[in-house]
Structures are given as structure tokens and as C-alpha cells.
Amino acid sequence: MTTSRAESQVSQYGRRRSNTAQSILRPIPAAPLKIGDSKVLNSWVHDVKDSTTVILNHTYWPGVAEGDLLRVQSTTSDNPEATYLFLVPKDDGCAKPQLQVSIPKPIADAFGMKNNGEVLVTKVEKGSCCADYVEFVFQETYLGRNDMWRIGEHLVGQYVYVDEEISFVGSVAAKIQNIFIGGKKVHSACITSATKAIYRSQSAKVTIFIQVCRELWEFAGDGERYNEKIVHSFLPALFSKWKEAGTNHTVTIVLVSRVYYEENEIDYAAGPLRRDDRGNWYKDFFKVITDLQIIHEWKPTLVSLKNSFWDFQRDILLTHHYHRTTQESAIGERSAPSQVRLVGRLSYAYEGPILEALNFSLNPTETHYIDRSLSLTGATTLLISPGTGYFRVNKQLLRLTTMRMLDQGFVLHLILLTKPPLHQTPVFSFQGLEPIPKPELEGKFDPLALDPLWGRDDLPNSDERKKKTFWWEPFWVSTIFWDKQMDLPFRTDRFIARAKMHEIQMLGLLEHDVLSSIEKTGPSIQAPLTKEDADKFDMDLFSLKITHKFKQSNRDSASLTPSYRAGSEKRTARIETIEESPRRIMKELPPEDGPADALHMKAKTKELSTSPSQSSIRSSSTSSKSKGTSATKNASLASKLAPAWLFNPFRSAPSEPQTTQVFASASPRSTTPVPPPTQAPSSPIRMPTHAKPTVATVAPVAIKKIQALLTFEEETVVPHRAASFIRRSPMGTPNVGLTPPQRGSTTLSHSFSSPPSHFTNPSQLQPSMSYAHAAMARRWQHILPQALYKHDMKWKTLITPGCLPLTVEHFPSVAELESTYDVFSYDFVVDPSEMRSFLVKPPVVKGTSDEVRRAWALVVMRGMAAVRLAQDSRGKPTYKRSKSFLGTEEDSLPKPIGASDVLKFTMTNQIHRISYTGDSIQVRRYVRRVSPTRPFEYQCLIWPKLGVGYTKLSTTFVSQGLENYGWNRLDMLVAGYEHNFNESLRYWRTRFIVIPTAESPAVNTGPSGEKLNDEEIRILGIEKLAEQFTKLRWQTAEERVNHPAPPVRFLPTTLDPVASVMDESLMDQLDKIHEQGPLRKKTKSEREIAEMPLAVIAKAMREDDGVPIKNYQWHHNQYPNSFIGADFVSWLVREFRDVSSRSQAAEWGVKLQKQGLFEHCRGYHNFLDGHYFYRLKGEYSVPMTPKGWFRRYADDSARESYYPSNVARPKVSTRRPKKRLILSQTMVIDVDPNKRSDQAESVVLDHDIIHNPATVFHFELQWIGTTARCIEDQLRSWNRTIERYGLKLVEAYVTQISDIRNRNAFQSCYPLRLSVPPPFVVDLDRRVPEGTIVSKYFEYALLRKFGFVLDVEASDLYPEQVDVIYSYRRSPYKYSQFVHRSGVAFIQVIGGTQGFLFLTNRLMGPGRMGSGLKNKDYKPGAAAEEIRRQMNDFCSNPSVLSEFYDKQLELLPQAPEEPPSLVI
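Cut-offs and rules
- Residues numbered from 1 in each chain as written.
- Predicted model: local features only at pLDDT ≥ 70, side-chain atom pairs only at ≥ 80, totals over all residues.
- Heavy atoms only, no water.
- Pairing = 2+ DSSP bridges.
- Helix = DSSP H or I, 4+ residues; strand = E, 2+ residues; numbered from the N terminus.
- Buried < 20%, exposed > 50% of the residue type's maximum accessible area, 1.4 Å probe, protein only.
- Axes fitted to C-alpha atoms, helices over the stretch in contact; angles between N-to-C directions.
- Contact = heavy atoms within 4.5 Å.
- Salt bridge = Lys/Arg side-chain N within 4 Å of Asp/Glu carboxyl O.
- Core = buried A, V, L, I, M, F, W, Y, C linked by side-chain atoms within 4.5 Å.
- pLDDT = per-residue confidence, 0-100.
- Polar contact = N/O pair within 3.5 Å; in protein donor to acceptor, adjacent residues only side chain to side chain.
- Left-handed = near helix turned anticlockwise from the far one by under 90°.

**Some remarks on the sheet that holds strand 2 (residues 55–56)**
Ordered by their spatial adjacency, 6 strands build an open sheet running 2-5-1-6-3-4, and the pairing between neighbours is mixed. Edge strands, defined here as strands with exactly one partner in the open sheet, are strand 2 and strand 4 (84–87). In terms of strand pairing, strand 1 (residues 38–46) meets strand 5 (residues 101–104) through 4 bridges, oriented parallel. Within strand 5, the residue paired with Trp44 across the bridge is Ser102.

**A word on the environment of Gly455**
In this fold, Gly455 is placed in the loop between strand 22 (427–432) and strand 23 (468–472). Classification of Gly455 as buried rests on a relative accessible area of 15%. Each C-alpha atom, one on Gly455 and one on Pro435, is 5.4 Å from the other, the two residues being 20 residues apart in sequence.

**A few points about the sheet that holds strand 48 (residues 1348–1352)**
Strand pairing within a sheet occurs via backbone hydrogen bonds; the two strands may be parallel or antiparallel. Pairing is antiparallel in the open sheet, where 5 strands are placed in the order 47-52-51-50-48. In this open sheet, the two edge strands, each paired with only one partner strand, are strand 47 (1310–1312) and strand 48. Each adjacent strand pair in this sheet contributes to an overall mean axis angle of 30°, direction not counted. One ladder, built from 5 bridges, connects strand 51 (residues 1385–1389) with strand 52 (residues 1396–1400); its direction is antiparallel. Considered in strand 52, the bridge of Val1389 is made with Phe1396. Packed on one face of the sheet, helix 33 (residues 1337–1345) meets strand 48, strand 50 (1376–1380), strand 51 and strand 52 and runs near 165° to strand 51. Packing against the sheet, helix 34 (residues 1420–1435) makes contact with strand 47, strand 48, strand 50, strand 51 and strand 52, and its axis sits at approximately 160° to strand 52.

**Notes on the pattern of salt bridges**
In the structure shown here, the tally under the stated rule is 39 salt bridges. The partner of Glu351 in a salt bridge is Arg392, and the shortest N-O contact between them spans 3.4 Å. Here Glu351, found in the loop between strand 18 (345–346) and helix 7 (354–366), pairs with Arg392, found in strand 20 (residues 390–392); they are 41 residues apart in sequence, far enough to count as distant. The pair Glu351 / Arg392 is uniform in exposure class, with both members buried. A salt bridge links Arg868 to Asp971; the shortest N-O distance between them is 2.9 Å. Salt bridges here are not isolated pairs; linked through shared partners, they connect Asp147, Arg150, Asp1238 and Glu1241.

**Some words on the pairing of strand 9 (residues 165–168)**
Burial along strand 9 is one-sided: the face carrying Ile166 and Phe168 is buried and the face carrying Glu165 and Ser167 is not. Of the strand pairs in this sheet, strand 9 and strand 10 (residues 171–181) are connected by 4 bridges, and their pairing is antiparallel. Counted as the bridge partner of Ile166 is Ala174 from strand 10. Linking strand 9 back to strand 10 in an antiparallel pair, the connection comprises 2 residues, with Val169 at a positive phi of about 45°.

**Considering the nonpolar core**
Within the largest apolar cluster, 94 residues are counted, with the highest numbers of intra-cluster contacts made by Ile921, Phe1029 and Phe1259. Examining the composition of this core, we find that 11 residues originate from one element, helix 21 (residues 849–872), more than from any other. Core analysis: the next-biggest nonpolar cluster, separate from the first, contains 67 residues, Ile1250, Val1328, Phe1396 and Phe1434 among them.

**A few points about the confidence of the model for the chain**
A residue-level look at the chain finds 70% of positions with pLDDT of 70 or above and a mean pLDDT of 74. Overall, residues 1–18 carries pLDDT values under 50, and its contacts beyond four positions in sequence, including any with other chains, amount to 12 contacts. Residue range residues 520–525 is modelled with pLDDT below 50. Its contacts to residues more than four positions away, or to other chains, number 4 contacts.

**Digging into the environment of Val101**
Among the structural elements, Val101 can be located in strand 5. Owing to a relative accessible area of 0%, Val101 belongs among the buried residues under this scheme. Once you skip the residues sitting within four places of it in the chain, Val101 turns out to touch Leu41, Asn42, Ser43, Trp44, Val54, Ile55, Leu56 and Val119.

**Examining the environment of Asp1138**
Structurally, Asp1138 can be placed in the loop between helix 28 (1125–1135) and helix 29 (1142–1154). Between the C-alpha atoms of Asp1138 and Ile1089, which are 49 residues apart in sequence, the distance is 7.0 Å. Ignoring any residue separated from it by four or fewer positions in sequence, one finds Asp1138 in contact with Arg1087, Glu1088, Ile1089, Ala1090 and Gln1144. A polar side-chain atom of Asp1138 sits 3.3 Å from the main-chain amide nitrogen of Ala1090.

**Some remarks on helix 28**
With 10 of 11 residues buried, helix 28 is to be regarded as a mostly interior element. Packing partners of the buried residues in helix 28 comprise helix 27 (1094–1101), strand 37 (1110–1114), strand 38 (1117–1124), helix 29, strand 39 (1158–1160) and strand 40 (1173–1176).

**Details of the packing of helix 7 against helix 8 (residues 395–408)**
Running from N to C, helix 7 and helix 8 point in directions that differ by 35°, and their axes come no closer than 10 Å. Relative to helix 8, helix 7 is oriented so that their crossing is left-handed. Residue-level contacts link Leu355, Glu356, Leu358, Asn359, Leu362, Asn363, Thr365 and Glu366 of helix 7 to Leu397, Leu398, Leu400, Thr401, Arg404, Met405 and Gln408 of helix 8.

**Regarding the side chain of Ser819**
Relative to the assigned elements, Ser819 resides in helix 20 (residues 814–820). Residue class for Ser819 comes out buried when judged on its relative accessible area of 3%. Engagement of the side chain of Ser819 in a polar contact is seen with the backbone oxygen of Glu816, the distance being 3.2 Å.

**Some words on unusual backbone geometry**
The step from Thr425 to Pro426 runs through a cis peptide bond, and the omega angle for that step is 0°. Summarising the element assignment, Pro426 is placed in the loop between strand 21 (412–416) and strand 22. Unlike most non-glycine residues, Glu140 shows phi in positive territory, near 50°. Among the structural elements, Glu140 can be located in the loop between strand 7 (133–138) and helix 4 (145–155). Residue classification places Glu140 among the partly exposed residues on the basis of a relative accessible area of 28%. One non-glycine residue, Arg986, lies in positive phi territory at about 55°. Within the element layout of this structure, Arg986 appears in the loop between helix 22 (967–975) and strand 35 (988–996).

Spelled out as C-alpha cells, the structure:
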């Protein structure tokens, strides 16, 4: 060493160090790491069981500290962006000194890190690693919005990576698909409370409408018909994308068409004729090609679709009318047609029933809570049309549809097969009255008052002459142009036609000399014309040259923009391609009237309300003139290097997500001035229209720069200028990256004075979207994380429909709340001693009464948030009604509820504010004043999937908004002051049935080893299900101690449901179950069975409160003076203090039977705790007074009404009160017994009490806000429990199948008619066992032959003296309903030649309950179709059917002879 020890002890600061050994050996602390410091470490890989996080040995990197954010990446990775982020844990020392850094195996596999490899670890800044958007993808599970909110809340503060599986309530719920920071994809990031979560479903309901119109058979520019583009191009591409992504969508495909009729054709074409706004007669036709099917092989469907195209016109223009008139002539309504007539004409695309079809698809999703699937989430609708995106619609229906789309949060994907038109698209036109501003109080003004769609109601008696045509762009339509040319090679010099002249295209040049009649104008063609010269000639000839001043009125400013000035030709030397929007920054425009006008324009620009298109486009916070100038030079250079027509010039402006308000207000908002607030809005300019406009008579529009589109040069060279561009549409497509406006620079008064959002010329839209429409469109604010051009292919949304994110940054100002909202409020006291809620977890808190009350209030508010999100979720894009966005006053959720005592929710037209005031919870509801939407009555013709022709359907489209929802009652239910669900609460419900399988049970012995038959095994399986219900029964802690609930018990019987209500002993057992109290010891019971002789036990059994000894019946065998083994066990447990459990009581039963106290009635079994009949033996037996096996009534009217073949019952004037028989039980169960969830997971269970092992057992689950995964786990557990006993759990429809069309118009039953009616047997009621249904005897026998068992009996078959009540049946069944033993199909019995109604059980699907979980290849739909085909062949064959009837008659016994009359 060069220095001495003494010298080394002198520090550099002049202070002498201590000379102790401890101070000499103490390591000098290393300097903290700086941002960007990195180090290469040796990596290990460990199992997640050891640790779920990265383990770092601090000694190998001095300076690293707890809480540092490090980025780790493999040094050998091909992708330098593949990095993982983690926080440095606390340094607790490393057990393995050689370990430098160890990575969990899933993370190492995802990022290519190997064991004993090298990784580069770098310190990074936390602020730059916070995710803006996270996309989750999930499949075959139902995630409600409450579940999504809880997942996001759980992930706040965690560092996640792409392809990471997210666990929720103990199982994998979703997988992270993409992470975005600043619009770019990253591999790993931190989730914060501001991160927007987008959930995409791979198991959704997809409805595809294909518009059949006149253009469908026309040729596109590439020589391919539009119908061929559907089946050869778009649908195969879509289905292949689905297959690549592994989706499992449930798909419905429907052909949609409208046929117009002349006045002289109305009589022949009678039916559901309607008249449009212009007085034309029409009928609408819908043909279902695919009905709620999950199909992985689509070739047969495409072939069927192609055949349907060719048959469609013949079916609706010829065959339909001929069959209808032939049927009417058969029943005498009119004479038979003398000849077949071809009547009607297909509509054009713009006349089609687009909104009507969309409303049909909204109907089932609006009631998604009924028959709630636990494996499907979300819904989306596609409309494929050969039109240009312009549709003529009804104003009332457009208004209703807009409200329903807002309520459900869905998007219509409009697939257009044409090239983009020269006008804005999509656009709807409708006839309406000019809105009249209403004088309001000072400061109160409704921005919707001046909108033609919302501002004025068109009453039925409105003067048609005062109505005008308005154009309106829907913000809930996403437009995609599918113009893929399959056959033509790509050539740069091909001329692309932009105007379609079908008549000219179809003319043959040899037949008509067309060219000689065309006037040739333009430059003389002496030399080959260059493309630039041709473009310049076109622009000089067709461009509109207008000199316009900025000082003119608002009327002129709103319709003409500075980009249309003739002086625009001087801006650049190049000839510009036709665009959809003027894309020039105001700074680049030379002022017309000097600097004063430019300053005036700049001042006016600041007053504009933000338009969604503008504020959604990211811009730089600084915009200088030099940048704009250089961009223009680059654009000109690009135009010289590559011709604009080489690329698709009709792409929209990029619309990137808004990140900060600095970006939103960085650039001028618009190029059109807005009048001051005091100025009245000008009347709109309208296009000239004709009385009956057709495609050929549409008024021409000058070709100018059309809005919302960019040329290729502007798209690629100057993307930073996008924020200065204006969009003229009122929110073109919500889910194409458009971000609704931030309100940082918008004031209420300026917003209200903006022009109305409608426009009168589809080629010249309004300069910005109205504030009112922007507020509506905010629901789709964060649906896409990356910018997309308006008409780009949005494959992601078509493959995996997205659910709207839960957060929104917008909240109305106080002035807006006062001016446009009505306020309703209520509150309720927080009293923990009275709150017994099964919807919230009681808080575990100790302290003062105020602290306990506050803890309860926060828990209840958390529950109120959960049920509001649950009511909001609609399974769909997903979600069929996802209206709610959740946020707190300080920040947006998710974050812990306890952090704030105020919650705010915004919905479509209402806002909820929930607050805790110290002793009560207050709810304030702000409801927007909007004119109510009137119901729309509609009639059409539908050809179902299994139908044989078009059938008439009449329906009413209604908006089921939540404005009148019973929020007060729901909150009382959450708080625990209410305990029952009400139908108005729209709670989730699903019915399940337990079916005896066709196969024998897997077990054949009982618990004690005794051999049991199939029926006894199935009864044992149902008892096992009762035990499961008992274990899960929910009670408060106090009730469990003081009033424990008795075990769930079912009453087995061999009688049908109707006959069982007439069995006196069975009804007595039913009464005792309803009266049964807790199964516990009597308070004064001192008896011990061990000390009692058999005679005393027998005497105690016959006491009033002893064992029920009665006359029982089983399979028409009578067992007098007998008792049931289960009743005897319950009596022993209750009466004797030395019997403490049912198992101990069963042991005593075996002993007493061996001692000779009783015996099994048939001598088959020893004593068993179950539904087995025993009787006292010998001296201990005392006969009872004999009673009838069936309850007899005072008159015979019961039997006469019960047996339809008897003589008609005489009318009796005196009416007796009906006896109410409640045949079901209701209780609350906890579906999360292992407490994996962070909330209460309770479900209301309604189940049958009486069960016939030969038929089905029913139960229904009802819930609000409960996690679907917990419910599904319990259902699978129950199914595993009972399947070994020969039982199968299947999901069934809540309502009868004949009503299925009321909810889903495209799903209907298939009629199975009997070619030979069943025979009539006079004495049939005497030849069958008592209690047998004789009115449908042969129909029931036929169903049993094909493997069907009884599901629900028709309500009119029950005796009139009783009122049968099932808590889960909301309406009576008109016909008896059967279900196949496999669960794949239902049938209702109509009777006579009408036969049956057949319906495939679409609630069964791959991975769903009862669908053969062990066999993934099982296809329930195909199995149901095979059953239907066999039954149809059988029922339509007269000889086979007659032979079946004869065999059934042979099996009937002879009627007993009547006894001779008594002679005295």
C-alpha cells in the first residue's frame, strides 16, 4: 500500500476517523441509484409457489433501495421492448448468497429469460410507466360491470405484463391482451386509479343482419356482385379471424328486406302492410339463417346463405303471396287466385328497415337478466349493406333507437360493400318539424331544444306539409367500407369511378350507341394526358369557386368554410385529391380582408365548444407556423413522389385518445365562427327534395372537399396537425377512437349557443358537435385506446366486442345541473341493530357507536355502488345495458370506498350522488329533462330458422330506461330493511332443472351398503342436493345461534304434479314442512331412549307430536299405518337427549328394527334415513281409522274438471274460496362458503318441495350484483354431486317456450303437427290408474317414447278448488311442457292435430351447465336437430302414427265392471 494506516484514517473533509475496528470495517454506504443506471445480473428462475414476485439480492447492486422501480430484460432477447417492471422489495437478506436476481417462471417464460442466464436491470422513473389503457380478454364466463370494477380496484398499484392471467375469486378470470402508454403498446406497466380498463369478450352474442335490397345483385367496380362479396369475401374473412382468435361466439344471422307495393297491388299483397312517411305501402321481411348457434365450421352456413340469396326474391315477391291467398281461399276468406302474380319491388338500400332490425336485436339484450347465461358476456350487432351509409328513417323510431343504444351502451357496426361516397357517412334523413326555442327562465336552457330529433315532438296529427327533411349522423354507428377486390390485380393507373351509374353500366354497347350521345368536353387529346393534367382539368371544371367573407352571417359561416374559397388554389402548386374534410390550419390561410379578419377569426375560435373529433385528436402543446410550413412542403414532396390515388384517399382523420387537457386546448377548435350567446340560431339550409325521391332523382351536390377524411400525404407526413383540423360530423363513430370533449375550456353558455347538431346537407356538416350530443357520446369515450381512422377496418371490435370502460372524466357543472336536471332525493338512517342485509358483508369494527355506524354506512354505500354497476351491466359490447360510469368527487374509481364519503354515478339521463351525513345515507338523483320516447308499434313477417314460411309478428318497441326504476327499494334491500326481491328491480334469474338421465346411475348401493334400485338411487341423489342447500343456507350470526334453520327436506312421490295436490297424506306433510321450526331439543326433554322399553317407544310414537303414522301410497301401492324413516330420525333427535345427530338416530333405528319394533313395509331394506316406509310390528301396531287415498271434495266438480272426457260440469252458483298450496320454498344461500370474495356473495334460491324421481326437479337462482363465477362454481359442484346418482343439471328457460318469441323475435318454436289425431276413448278415465291425465294421454305416451319427461304441467289441469303457487313461476303455463332427458330440447303439448311445439334449448352450449363438460366435442344443437327430425318424420307418417295408437290401446286394461245396483 502507498498510504500508511494513520493517513488512511484522515477523511477528505479533515475529520479524523475513529480508530476502532468496528468503524474501520463498516462499509461505506453506496450512493442511491439514479434514473437510467443499469447492471447486468445473473438470473435464476423460481416457481410461483416459492414467490410470486422477483427476488433481488441487494448486495450485488449497491445503491438499490426498497421501492425503486426496476426494468428487467433478457440480454439475448430479440425484442428490446420486451421488458418487465417490478418494485424492489425490502432487503430481508438473501438465504442463497449466490442468487443475484430470481424471476418467477411465468414471467421468465413470457419475456424469454432463462435460468442461469443474464438480464439487464435498469432503474426507471415511475411516472413514465403508468398505463393509460389496459385491455383484458376473457372467454366462457360472465363478467358483470361490478366484477370489472372490482378487478380494476384490485389491480391498482400492481405491475402487470402482457399475457398475464388475472385471478379473481380464486380462479383465472381474464388475461391481459394489451397495455398502452401514450398511445403505444408496452409489455409491462403499473396500473393506477386513472388507468382505463377495457374488457373484451371472446364469448359474446353476435347478431349479423344482411340487407337484401335492389343493389345486392348489382355489380361492384371489380365485376363482382355485392352478394358475392358477402359470402366469398367478408364473412369468410370474419369467420377466419374468429377462428384464429379462438372465439366462442353465439351467432344469429338474419336477412332483412323491405318490399314496396303499388296501390293496385295492395289487395293481393294484403298482410302486415305499413305506410312510410311519404305514403308508400310496404311490408318488411326477416329470414333467420342461423339461430343462436356456436359454429366452428362455417362452410355449410355460407352455402345456405348463398342459396337463400337466390331464393329470397322468389319467396317474398311470388311464393309468399301465393301461399297466403291459397290458405285464405281454403278457409273461405277469399276465392282462390286465378294465376300466380309477381307483386312488389325490393327497396333500395337507403329505404331498408335498418332501425327496425336493430330494435329486434336490442329486445333480448334489454332483458338480459332473464335466463342469464353464466358463460356469455356482451353483445354486438353487425349490419352488412350494399348501400353507401345513407338511410331514410322514421323520426320517432330514430329517437327511440338512440335512447336504447345509449341505455345499453352498444355500437352498430355498419359494413358497407361500396366505395366511400362523396358525402359524409353514415347519415340518416327523416321528416320532422322545425324545432321552436321555448322561452325559459333566466339561466335555464335545454341544449336539446334546438335539435330537430329531440327538440320538438311530432304528434300523430301533425301537419305533414310543415315537416321538413333533416340529416342526422348517429354517434352510435361504426362504419367500415369493405371494398376488397378479390379478382382484379392492383394497378396504379386504374381509374376508380366515384359515381355509380348502374343503368349506363348495364347497357350493351352493341345494342345502344351510348358513346355517340356523350358530349366530349375538355382539352383536345393530342398527346398522352398525364394524371396531373387530368386531375387539374377535373378540379378546374368541377370545383366550386366561391368568394366568401368571414364577416357574413352565421348562416353562411355554418355552411361554407374557408377551404372552399377560390383562393385555395394559390396555397400550393399541387392538385389536391378529393377529401372528406377541409384539413387546413387557419394559420396557413391567407387573410381575405387583412389582419383584422384574422384576429377576429382567432377570437371567435376560442369561444367554440370542443367537438369530439377535435379533442379526441392528440396534438402537440406547441404549434408554430414554421412547423406548419415545413409540413406543407413535405406534403407537396410526397404528392410528387407518389400519386395520391395509389393509396386509399378516403380515410378519416386520425382520432387519438385524449390524455391531458393541455393537448385538448392546444390548437384552434374550429374554422367557423360562432355567434354570441344572445344571437338566435339561424334556420338551417336544406337540400331541395322531391315528393318521392329515388336514387335516380337525388339532387346533385358539387364535388368539394368532404369532411372527416385525409389524403395519404396528410395522413403520413403531418400527423401532428390533426388537432387543428375540424370535423363536421356530430361524432361520427363512437368506437373508432373518437374521444368526447373535455370541458377544460368550455363554458356552459357558450356551449348552449352552439349551432344545432343536425345538418341540412350531408356533404356540408355542421362545424362541431353540439354539447348535448357530446355529453351523450361520452359513454364511448375510452372504448378504443389507439387512434383509428374513421372508416378503417376495426377487426378488434369485430372479433372481440369490448365492454365500455367504467370511468369518465366528465361531470356537469352546477349551472347545467340547475338548468337541465330535475332533482329527487331520499335518505335512510343507518341503524346497525336493524340492518340484516344478505347483500353486504357486516363490518368487523369495534369502537364508539359513531364509528360503528360509519363503518356500516361505508359498507352499505359499497353495496349500493355494486348494485348500481350490476343494474348497469348488460352483457355486451358488450354490455346490453352498460350505462354507468363510476367516479368519486376527488378522483375516478376504482379506489377504496372508505377514502371518500361521496360517490357519484352518471348514467344515460341521470346522475346519482350518494353521501353519508353522519347518521344517515342520502341519495340525490339528478334526472335530465328529456321528452319521453313514445313506444313504436310495428308489424312484419319473419321466417324462423326451423319455420316453413313467413309468419306475422306484431310487437312494440319500448325503451326500458332506468328513470323510473325503484332505486329507493333497491337501496333498502342493500341496507337490510327490505328482504325480498321485487319484479321491478330487474334482478338476475336463471332456472335449472334436475333431469333423470336415460342411463342407469353409476352407483347402486346406499350409505349402509344396501342394494338400491335406480329410483331409490335417484331419490338419494336429490337428498344429497338438499344437504348442499342446507350447508349453504345464509343466516345472520344472531339467527344461527338463537333460531337455527331446519334442514332442507324434499317430499318424494310417484304422482304427477296435478295428482299430488289431491293426495291427502302428501299435503299434510307439505303443511308440516311450512310449519316446521328449528330441529332442536325440546326445552324440557329428559327422556333417554336407552332406558325405554319398546312398548313405551311405540306409545310415544303415536302421540300428537310423535312420528306421523298415516296411509301412504307409492306407485299405486298402498301402505296403511306406516311411517317414513326420515320422520322417525327427526323425532328421535328432537325428543331424546341421548340422541344428538341424525347418524346416531339412524343407528338407533337399525337397533330398534332388529329388536322387532317395526319392519320395512315391503321387507326389502333395513332401517334407512330417507323416504322409506316402515310399520310397527305385532303387538305394537294399532290400526288407524281408514281414510281415502285422495282428498274428496263435497261435490264431484273436481273430478269433472280434472277429467275432460267426463260430462261437462254443471255450473254452481256458490263459489268457495280456493285453498292455497305453496309448493316451493325460498331461502338465501351463500355461494362463497370459502370466503374467497371481498363482498357478500348471496343468492335467493327457490326450489320445489315435492319431487317425483321420474320427472324433473326445479329450482331457480335470483341475484343482484353477485359474482357469476361463485354461482357457476356452486352449480358445477352440485352437478358433480348428483351426476353419479343418475341425475343431470341443465339450465332451462324461465318462461314457457311458447312465449320465447316475446323476448327474441328471431327465436321461435317449430310446430310438430300430428297427421292423424289421437283416438277418443270413451271410458279412458276408468281404464287408467287414478290420478292419470287423460286429456293428453296419447300425446304424453308419444313423448315418453322419444325420451321426454314432464317439466311443468299446464295450469288448467289443476283442480279449481286449489290455487297452486310456485314462487319462481310468474305466469301460468298454457300448455304442459316436457324436456328431453338429455336436456337439449323442450316440447309443449297443444293437443289434437296441432300436436306439439318444439324448441331447441339454446341455453346449453359448449362449456355450459349440463352440456357434457367431459366431452368438449358434444354438440347439443345437433343432437336436438336429430330429435326434431325423427319426431317430425314420425308425426307426419299416418301409418306409423296409427300403429302407435293401436299399440297404446292394446296396453290399456279393460275397464272394471260396474257393480250391480243395490236392490232393497
